[in-house]
Amino acid sequence: MDISLLLQMLLAIFGAIVLYTFIGFVPGTDETSVLMPVTLALVLSGVKPIVVLTFFIAAIITLNLMNAIPTALVGLPGGVMSTPMIEHALFLKEKGLAATSIKKMATGSIIGTVIAIPVSLLLANILAPFSESVKAYASLLFVFGAIFLALIGKNKLFALLSIIPLALLFQGLRYLYWGIGAVPQEKNVTTSFFLGITIGPLIVSLLGLLNKQKRDQLPRHAKKKITIKRVNEEGSLKHPLKTVTKKEAGTSALVSLLSNFLFFLSPVGLTILFGEIAANKEKDPVKKASMAITSMSALSHATYLSGVIIPLIALGIPLSPVAVGPANALFNAPPVFTLDNNIHHLLSRNEFIFSILLAAVIASIVTYFIAMKYAQQMTAFVLKKIPHEAILGLFIGFILLLAYMDAGLINIFGVLLVGIVCGTLNNMGVNYGVQFMILYAAPWIATHLLF
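Residues numbered from 1 in each chain as written. Predicted model: local features only at pLDDT ≥ 70, side-chain atom pairs only at ≥ 80, totals over all residues. Heavy atoms only, no water.

1. Let's talk about the overall build of the protein
- When you go through the protein residue by residue, the secondary structure sums to 21 helices and zero strands.
- Here the C-alpha atoms of the protein give a radius of gyration of 21 Å, agreeing with the 22 Å that 2.2 N^0.38 yields for 451 residues.
- On the principal axes, the C-alpha backbone points of the protein span a range of 65 × 60 × 40 Å.
- Looking at the protein as a whole, 55% of its 451 residues qualify as buried.
- The contacts of the protein with a sequence gap of at least 6 include a subset with a gap of at least 24, amounting to 80%.
- For the protein, the exposed area adds up to about 19300 Å²; of that, 68% sits on carbon and sulfur atoms.
- Considering the protein, the positive charge centre built from 31 side chains and the negative charge centre built from 18 side chains are found 9 Å apart. (Helix = DSSP H or I, 4+ residues; strand = E, 2+ residues; numbered from the N terminus. Rg over C-alpha atoms; globule rule 2.2 N^0.38 Å. Buried < 20%, exposed > 50% of the residue type's maximum accessible area, 1.4 Å probe, protein only. Contact = heavy atoms within 4.5 Å. Areas by Shrake-Rupley, 256 points an atom, 1.4 Å probe, with all protein chains shown as cover. Lys, Arg positive; Asp, Glu negative; His and termini not counted. Charge placed at Lys NZ, Arg CZ, Asp CG, Glu CD.)

2. Looking at helix 9 (residues 191-198)
- Burial analysis of helix 9 places eight of its eight residues in the buried class, the great majority of the element.
- Of the positions making up helix 9, those classed as buried are Thr191, Ser192, Phe193, Phe194, Leu195, Gly196, Ile197 and Thr198.

3. Overview of the packing of helix 8 (residues 156-180) against helix 20 (residues 409-427)
- Where helix 8 contacts helix 20, the two axes come as close as 12 Å, and the packing angle between them is 180°. Between helix 8 and helix 20, the angle is such that the two are roughly antiparallel. Contacts between helix 8 and helix 20 pair Phe158, Ser162, Leu166, Leu169, Phe170, Leu173, Leu176, Tyr177 and Ile180 from the former with Ile410, Asn411, Gly414, Leu417, Val418, Val421, Cys422 and Leu425 from the latter.
- Among the residues forming the contact of helix 8 with helix 20, the class breakdown is 14 nonpolar, three polar and no charged. (Axes fitted to C-alpha atoms, helices over the stretch in contact; angles between N-to-C directions. Parallel < 35°, antiparallel > 145°, perpendicular 65-115°, else oblique. Nonpolar A, V, L, I, M, F, W, Y, C, P; charged D, E, K, R; others polar.)

4. A word on the pattern of salt bridges
- Enumeration over the complete set of coordinates arrives at four salt bridges.
- Residue Lys212 is joined to Asp216 by a salt bridge in which the shortest nitrogen-to-oxygen separation is 2.9 Å. Note that Lys212 and Asp216 are positioned in helix 11 (residues 212-217) at a spacing of four residues, about one turn of the helix.
- Glu282 is the salt-bridge partner of Lys247, the closest N and O atoms lying 3.2 Å from each other. With Lys247 in helix 12 (residues 246-260) and Glu282 in the loop between helix 13 (267-279) and helix 14 (285-315), this pair connects stretches of sequence that are 35 residues apart. (Salt bridge = Lys/Arg side-chain N within 4 Å of Asp/Glu carboxyl O.)

5. Here we look at the packing of aromatic side chains
- Overall, the coordinates contain five aromatic pairs when judged by the stated rule.
- Taking the centre distance of 6.3 Å and the plane angle of 25° together, the rings of Phe170 and Phe193 count as stacked. Here the residue Phe170 occupies a position in helix 8, and Phe193 occupies one in helix 9, the gap between them amounting to 23 residues.
- Here Phe193 falls in the buried class, since its relative accessible area comes to 0%. (Phe/Tyr/Trp six-rings, centres within 6.5 Å; stacked < 30°, edge-to-face > 60°.)

6. Quick look at the nonpolar core
- Ranked by size, the top nonpolar core spans 125 residues in total, and within it Tyr20, Leu53, Ile57, Phe170, Val308, Ile309 and Leu330 carry the most contacts.
- Those residues within four positions of Ile57 in sequence are excluded, and the remaining contacts are Leu305, Val308, Ile309, Ile356, Ala359 and Ala360.
- In terms of nonpolar packing, the next biggest core, distinct from the first, is built from five residues, Leu265, Leu270, Phe274 and Leu299 among them. (Core = buried A, V, L, I, M, F, W, Y, C linked by side-chain atoms within 4.5 Å.)

7. With respect to the packing of helix 4 (residues 86-94) against helix 14
- As a packed pair, helix 4 and helix 14 sit with axes 9 Å apart at the nearest point and diverge in direction by 130°. In terms of axis orientation, helix 4 runs oblique to helix 14. Pair helix 4 / helix 14 crosses with left-handed handedness. The residues of helix 14 that touch helix 4, namely those facing His88, Ala89, Phe91 and Leu92, are Pro285, Val286, Ala289, Ser290, Ala292, Ile293 and Met296.
- Split into classes, the residues belonging to the contact of helix 4 with helix 14 amount to nine nonpolar, two polar and no charged. (Left-handed = near helix turned anticlockwise from the far one by under 90°.)

8. Structural notes on a nonpolar patch on the surface
- Among the surface-exposed residues, Leu44, Val336, Leu401, Tyr404, Met405, Leu409 and Phe413 lie close enough to one another that they form a single nonpolar patch of about 690 Å² accessible area.
- Every element with two or more residues in the nonpolar patch is listed here: helix 19 (388-407) and helix 20.
- Here the nonpolar patch gets three residues from one element, more than from any other, and that element is helix 19.
- Examined against the element boundaries, Leu44 turns out to sit in helix 2 (residues 31-44).
- Residue class for Leu44 comes out partly exposed when judged on its relative accessible area of 30%. (Patch = residues over 30% accessible without salt bridge, like charges linked within 9 Å, V, L, I, M, F, W, Y side chains within 5 Å.)

9. A look at helix 21 (residues 432-449)
- Of all the bends found along helix 21, the most pronounced is centred on Ala441 and spans about 55°, while Pro443, a proline, follows it within four residues.
- For helix 21, the buried fraction is high: 13 of the 18 residues fall into the buried class. (Bend = angle between axes of the 7 residues up to and from the residue.)

10. Some thoughts on the environment of Thr294
- Secondary-structure assignment places Thr294 in helix 14.
- Measuring from C-alpha to C-alpha, the distance between Thr294 and Ser252 comes to 6.7 Å, with 42 residues separating the pair along the chain.
- For Thr294, the residues in contact, after removing those within four places along its chain, are Lys104, Gly108, Val244, Glu248 and Ser252.

11. Observations concerning the environment of Phe381
- Mapped onto the secondary structure, Phe381 falls in helix 18 (residues 349-385).
- For Phe381, a relative accessible area of 39% puts it in the partly exposed group.
- Separated by 359 residues in sequence, Phe381 and Phe22 place their C-alpha atoms 9.3 Å apart.
- Residues within four places of Phe381 in sequence aside, it is in contact with Phe22 and Ile386.

12. Quick notes on the environment of Lys242
- Within the fold, Lys242 resides in the loop between helix 11 and helix 12.
- On the accessibility criterion, Lys242 (65% relative accessible area) is exposed.
- Along the chain, Lys242 and Thr107 lie 135 residues apart, while their C-alpha atoms are 8.9 Å from each other.

The structure is reproduced here in structure tokens:
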């Protein structure tokens, strides 16, 4: 590896840290919608695969930790993965322990990262010899994945009923594009439909504002005052393990370890499941909340890292909610990456290990320092100076541009259709994971199940 490539990797790491430090503090952003488009842009711009992977690993670590800081300070979830922590973080905030929350979240992120990376690399090596067998049944695995995620979701029956109709929508749009010549027969439009799913709830909310009757029925609230309590910075940069108890550290390490073996399941689901199990072992309310936020922070990192590392190294196809979601551009970003030619095929095992470790070590150290030292100032700056609407508008515009690049003008309306349908289903209890799995299972469902 030459110096030039190493410098590019370092630039990618620090670029990811800077970008997702600020995005992470913006309340209400979705991990998929802010990770996927930027990663896709890097891939399509011709950035070297190892640099893209380095960027993505650093971005995951930065975003997941920074998303948790607004949760601790003002009770606003930065992203989906920080939502399970809200109740416990608010309780600690009311007790005057916001600073403690931040320190425990930062330490939890370090524990989750330290456990997830070696275990994920080990599991990837174990699964690698069976990759061809797994790939042969990949389409069926997507179908079973959609069914499984539907069964562990909120609205189980409706989620199951939505699988075939939604598959028909995706595959029907593809046949329409092929039929009118919008895309060649050998091109399978997937990425822009995927992005349509991610912005679905937002599109539905925005279009709902055009309905005057519904708009008039919306509740009116007084201007909300957000108070950020001053965090005592004395001892804020102490050794990570000194900010948590031995029991919190051990429990966080254990649940992070277990989550790696379930990399094919929903990261949010695993975070809630294992986090609440760990917290319920404590009787004291403060200890319970502290255990919850520490273990959940560890889990958010462990589930995301294992969800991308194991499928990417061992299989080369997206067989986890993380791989199908935020990391999708690493697997499938035509014309640069396809399922038969992506980062899995282009990097050696040593390159994988080096890039992942480099990104993880640097991103963990820098984000730990930022979270411990500047969380309060960063939160205040973002809430005052960076409008939430501006961030969301930027990503919607970016997604519509990518839709046009994927299949022309007609695909902008196709993506809007996907967004409206999927956003409505999402509001009714069919989560992202089910919809992403259906998108990949659609060809098999249309050709084998219905005909």
